[in-house]
Every structure is written in C-alpha cells, then in structure tokens.
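Structural features, examined
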Amino acid sequence: MTFDWPTALPLIFAGLMGLAILIYVILDGFDLGIGILFSVAEDAEQDTMIAAIGPFWDANETWLVLAVGLLLVAFPLAHGVILTALYIPVFVLLVGLILRGVAFDFRAKVPSGKKHRWNRIFFLGSVIASLAQGYMLGVYVLGLDVGIGGMAFGALVAFCLAAAYAAMGAAWVIYKTEGALQKKAVLWLRTALVLTALGMAAVSLATPFASPRIFAKWFVWPEMLYLSPLPILSALLFFWLWRQTFHLPKPDDRHAIRPFLTLAAIFALGFAGLAWSFYPFVVPDRLTIWQAASATESLAIILAGTVVVLPVIIFYSFYAYRVFGGKATDLTYD
Amino acid sequence: MDPLILSRMQFGANISFHILFPTITIALGWVLLFFKLRYNATNDSAWMRAYFTWVKVFALSFAMGVVSGVTMSFQFGTNWPGYMEKVGNIAGPLLAYEILTAFFLEAAFLGIMLFGFRRVSNRVHTLATVLVAGGTTVSAFWIIALNSWMQTPAGFEMRDGVAHAVDWWAIVFNPSMPYRLVHMLLASGLTVSFLISGLSALRYLYGDRSESMWKALRTGVFTAAVLIPIQIFAGDQHGLNTLEHQPQKIAAMEANWNTGPNVPLVLFALPDEAAKENRFEIAIPDGASLVLRHSTSGVVPGLNDFPGNHPPVFPLFWSFRIMVGTGLLMLAVSWSAAFFLKRRHSLPKPLAMLMVPMALSGWLATLAGWYTTEIGRQPWLVTGVLKTADAVGPVAGSHVALTLAIYLILYALLLIAYLGVLVHLALKAAKDGDTSPLPGVMKAAMSQPAAGE
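This text gives an overview of the structure that appears in the document. Just so it is clear, the structure is predicted and the values come from calculations on it, not from any experiment.

Focus on the interface of chain B and chain A
The interface is formed by 70 residues belonging to chain B together with 63 residues belonging to chain A. Summing both sides of the interface, chain B and chain A together bury roughly 6200 Å²; the carbon and sulfur share of this comes to 77%. Contact with chain A buries area across many residues of chain B, yet Phe74(B), Phe104(B) and Phe115(B) alone supply 13% of it, more than any other trio. Taken together, the connections running from chain B to chain A amount to zero salt bridges. Between the two partners, chain B and chain A, sit nine residue pairs in polar contact (both at pLDDT 80 or more). Mapped onto the side of chain B that touches chain A, the elements with two or more residues apiece are α2 (45-79), α3 (81-115), β2 (162-165) and α13 (397-432) of chain B. The greatest single-element share of the side of chain B that touches chain A, amounting to 22 residues, is contributed by α3(B). Looking at the side of chain B that touches chain A residue by residue, the class counts come to 49 nonpolar, 15 polar and six charged.

Here's what the structure looks like:
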C-alpha cells in the first residue's frame, strides 16, 4: 500500500484527538475528582487539596480545548453533528466547568465569610461536569441514541466516570499530601474503587444489550484474542491497586505516586478499548473519519504546526509539574 | 421561538461576556511585566507589591476568560454547525494555531507566574511573566486574524460551496486585519490602564498613600494619557479602511440614507429604518464628508446603494457613538489626571471620584466597538460567503431559549461576583497598605517553599 496523504491525515488527526482526550481525562480527571471529594473533606483539608492542584488545573483543562479544537478543525462535519445532538448535556458540562473554574479562583480572594459558598460551588461544578462528561460518553458510544435506553446507559456511564474521577482525585491526594489527610485519602480511594468497579461491571453487562454493533466488533475470532489483554490487564491492575490500598501510606512515603500511575494505566487501557469500538467512525455508524475530515491542505497546515508545537507543550508541561513537584504546601501568590 | 434570533442572542451574550476578560489579560500581562522589570531594576519592594496585587486580578480574569472561551468553542458546534461546514478549511487552522501557539503557553506558565515566585529563580519567574504576556497577545493575533477574515475575506476560492484556502498569507493578513489588531490591542491597553487608575483612585480615596498605590496609579494614568490619542488616530484609520472595504457599514454607522457629497456629521438622531430618515437630528454640516473624505464635498456612501444588504442602522449608529463618546471622555479624564500627577504631585478628590466609575470605561468602549463591527457585518456571517441565517443548527428554539436564560443569569451573577472581588481586593490593599506582610523580596534564587502567610 502506498502512502497517501488524504488517507493518512484524517487518521493522524483522529489519533491526536484521541491522545488529547486521554491526556485530558487523566489530568483533569484528578482535579475534577478532588472537587468531588470536597464533599467529604474538612475546611482545612480543602485548602490543602486546592494547593495540590492549584498550579496545574488551568493547563489540564486546556487539553479539553485542544481535543474539542481538533474535532472542530479536523472534523468540522462531525463537530456539528455531535454537538447539536448533545446540545443539552454539552450545556450542562459547560455550566459545570464555568462554576468550578471560577469558584477555584474566587474562593481564595473573597472575604473569609464567603469562602464556604465558593467551596460548595466548586464541589457542585465538579460533580456536574463529571456526570455530564460520562453521560455524553455513554450516549456517544451508542451512536448518539437519545431514547430511554440511551439515556439510562448514559446515566450509568456518568456515575461510573464520576466514581473513577473521584478515585483519581484520591490517588492524587495520596501523592501530594501527608499525615492524616493522606490516610483519609486511602480510604476515599478504596470506596471510589468499589464504586468504579461496580459501575464498570454494569457498563460491561449493558453494552452488548445496548449496542449489537459493539458486541459484534469485540466477540469475533480472532479479534477477541488480540483484544483480550485489554480487559485482562485492566482487571489485574484493578486488583493490584485494591490490594495496595491496604499497605498505604508506606514508610518514608515510598510509592505514593503508584496508585495514580496505576489508575492512569487503567484509563489508557479502557480508552484503547473504546477507540477500537468506534474505529473507523467519528460519529458512530454515521460518519467515518475520512467523510468528516477537513480539506487535505488545511489538515497539512495544522499538522505542520502540531509536530513542532506538541513536543514543546509536553516538555514545558513536564517542567511546570517538576517546579511544583513534592508535597503540596500552602498556596500563596507571593 | 426562532432558533436563529435566540442563537444570535446567545452567541452575542456569550462573546460579550467573554471579551471582557481577554481585554484585561492581554494588556495586564505586559503591565505585570513592567512592574516586574521595575522591581528587577530598582529592587524596590513597592513594585513587587503592585505586582502581587494585580497578579490576583490577572488570575481571576484569566479564569473567567478560559471558562467563557471554552463555552464559545463548543457553541460553534452546538449552535452554528454551518459555519465550520462552509469555512472550516479556513477557520480551522487559524483556531488550531491559536490553541497550539498561545493557549498552552499561557496555561502552563501561569502557574509559575502566580505561585512560583519562591520556587524558581527570579529570572525564570520574569521569563514566565514574559511568556504569559506574549501568549495572550499571540492568542489575540490569531483570533483577530480570523475575525478580520470574516469581515474582509481574502486568499480563498469556493469549490462545491465550500471555502478552500489558496494563499495563507492573504488569509491571515487580510485587508482589515492590521487595523483591527492595532485597534484591539490599544483598546486592551486603555481598558487596563483605566482599571488600574480607577481601583488605585479608590484606594487613594480610602486614605491609602502607600508607595505601591502611587506606583500603580501613575502607571495607569500615564499609560492611558499616552495611549488615548494614539487610539483616536488608529480608530480613524480603521474607519477609512472600513469605508474602503465595507462601505455599507459606514453608511449605517453615519445613518446616511443617500449617497452624495456634503454629507453632515450626525451627532444625535433616532434613525428610523422604515421611513429611511433620521428623527430629531442634530448635525454638523459637511462633517461626515470632512471626516471620511477629508473634503467638504467628498462623496459618502449611503444606505440607498445597498438595498436589503446592509446592517441594521439604529444599533450601529448608537454603539459607534457610545464608543467615540467614551473615548473622548477618556481623553479628558486621563489628561487632567496626568496633569495633576505630573505638576501638582497630587490628585484632587473630585477627579479621583470620577476615576472610580471610569475604571469600567474600557469595557464600555470595547463592547460598543465590537457591536459596531460585528453587527455591522450583518446580514453576513462571512461577508459575501455565508449568511448568518444559513449557519444556524437544527436545535429546537425552546432548547436555545432555556440555555440562553440560564447563561444570562449565570453571567450576571459572575459579573457581580467579579466586580465585588475587585473592589474587595482594592479595599483590602487600601486597609493593609504597605504594612501588609513583606513579600519575599530577594534577588537571589529562592528555592524554599513559601511559608503560610
């Protein structure tokens, strides 16, 4: 097969978009999760938790802008179809993101009597945004079906994703804090893992009923064999993480980042599975990535910029994480 | 309920809310860099205090800008799918470059700029400030390029009803782009300098005579005094550019119904589009001909040349006059304040009291200016290529109405909260003055983590 750009470019951009979504889900996952965990944290703990995400959340959310941006610029047809079908959940997501994004900043600057109110808004915004993302994922997986069954499935995925984000948030707290809060976070992680596992089991059972297309894609020989490492490895990692929670925190705080990395790996495996379920569609059953793509010359212009800029972005993101590495301290502007 | 009207209202509300915050961050980034460089040069901690006060305003404005900007990027798809379908090949790369070159730069280095003063060397902290300021400006460059292209499209051809790029240089540097960019960057500079002067004047009125207040106040007032005449000149040039490329917009702005020479400059009127005339008109004879053609007998385009293809007259006429009027007020206030600060080394109380509400004059002028240019493009979304009515999506009017209502409530509450925090920060700074805890003013690298304040 010869290499031809009109075929390759849409594929490359689908891959980049997938990568952006995965990075977004992992990075914004932990700070959304921390917002969800606000409901079970004390006032002083909330300050420490905010300090653990303060320097990062802005850059984290930017990956969503990149993902939606890529959908917009590389697959303009799909962008319109998906977002008009998901009009209301997208709106709910945006309201959630607006509320938590500003609450984060307001809570540190308002008179101390009003801080409580913004903490509650931060929690609410995080929950709303997480649920909306899960719901949209569920509806999208089924090919934007918005009947009763689709809505129920969406609600299930919404719950599951929120629980998974809470687990990510707890894992980040374990990494970034010490003492009583860290111990508490281990318990949060355990609870969130149970809920995530329940949610995932429910989603796995519901999927073949909800979508014969996805069922057919997974349960045929020999693809089944090639795909089997995904679920098996995920399950093993899950179990391993569950057992780790009984030994954390370890002396000298060893392996504190391990739960977070394990969860990130589980997310990546799950994401690979999802990607396989969709391929080659960008709007399930309706538009393939080639049908929805922009003109080749426009994609080429974007790609030229992307290959130069993306490594730089990744490099300085690492730099920012390194500058604020270690345990979270009080966050002050001076 | 008509989804088109509602979607237009929703996008208008959204972009009006959004633009308030980039307008602040674009120029405030450079003002913060100025504070930082003055501190580096003089080692005077008052500059650093001014930095810490205003970096909080930057952080809050940036957060408001990000969340409202995310909303906009989704709205292209939810409400205007026809836009990307038709001109996505042009708009896509410009938006992509905005995200790639500007967005991440700002977001990643914002953390270091806000919280990293003691974690990185002074030099890296200054560099982070440069990168954030540069990022906001580059971001503005790409967005203005796209917006200008929608006003005066160039460098493309239509194939099967879809725009395809032919010449990227011509697309980015389209005929109105340089004028629009300069006008917007100056508007941002003016918005920020009036915001800084206004809040500093508020501190002054509350008895704050600290060095950091004086430094911020002088910076704000002198910047405004220098920028406003430049802006008036740039605005005039922009107007001439519009006359050349979008005469129908000029005709509506001047409420000039018939093309011809010796056109008066209308100061006040209630344009009546149905009757095609101005009621209660007060005008300077030959004024418009003089301003636009630099000759009393210059021919000025009238609305009769563009039947059914010109923007609504009333909102354009008035938004343009509000912008110009605000600009003239800015000229008067900033020059008097500069005079008193330079010659008398003090600020008269009545002037300080006038400067407090003028803190928001930049917002008023910017919004009025954007309404002039954006409503002035109607009925087109992309002039001559795509009508606004043809870009709207298939979403039910009731859905758009519901979301519009919630957006409006949300924006109103956030705006109140934002302004409340600005006043709170100013009053807190006024109360603490220079006796607030000393920031860690040291030249050497500071590696120790910040102690709780």
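Some words on the side chain of Thr126(B)
All names here are of chain B. Along the chain, Thr126 turns up in helix α4 (residues 122-151). With relative accessibility at 9%, the residue Thr126 sits in the buried group. Only 3.2 Å separates the side chain of Thr126 from the side chain of Asn40, close enough to count as a polar contact. Discounting chain neighbours no more than four positions away, the residues touching Thr126 are Leu33, Lys36, Leu37 and Asn40.

Considerations on the packing of aromatic side chains
Tallied over the entire structure, the rule returns 33 aromatic pairs over all chains. With 5.7 Å between their ring centres and 85° between their planes, Phe34(B) and Trp47(B) make a pair best called edge-to-face. Here the residue Phe34(B) occupies a position in helix α1 (residues 3-42), and Trp47(B) occupies one in helix α2, the gap between them amounting to 13 residues. Between Phe317(B) and Trp318(B) the ring centres are 5.5 Å apart and the planes differ by 80°, which places this aromatic pair in the edge-to-face class. Since its relative accessible area comes to 22%, Trp318(B) is described here as partly exposed. Grouping aromatic residues by their ring pairs yields a cluster made of Phe91(A), Phe17(B), Phe21(B), Trp363(B), Tyr407(B), Tyr411(B) and Tyr418(B). Stacked on the ring of Tyr204(B), the Lys or Arg Arg209(B) has its end atom at 3.8 Å from the ring centre.

Thresholds, definitions, all that
Residues numbered from 1 in each chain as written. Chains lettered and ligands numbered in written order. Predicted model: local features only at pLDDT ≥ 70, side-chain atom pairs only at ≥ 80, totals over all residues. Heavy atoms only, no water. Contact = heavy atoms within 4.5 Å. Buried area = accessible area lost by both parts, 1.4 Å probe. Salt bridge = Lys/Arg side-chain N within 4 Å of Asp/Glu carboxyl O. Polar contact = N/O pair within 3.5 Å; in protein donor to acceptor, adjacent residues only side chain to side chain. Helix = DSSP H or I, 4+ residues; strand = E, 2+ residues; numbered from the N terminus. Nonpolar A, V, L, I, M, F, W, Y, C, P; charged D, E, K, R; others polar. Buried < 20%, exposed > 50% of the residue type's maximum accessible area, 1.4 Å probe, protein only. Phe/Tyr/Trp six-rings, centres within 6.5 Å; stacked < 30°, edge-to-face > 60°. Lys NZ or Arg CZ within 6 Å of the ring centre and 35° of its normal.

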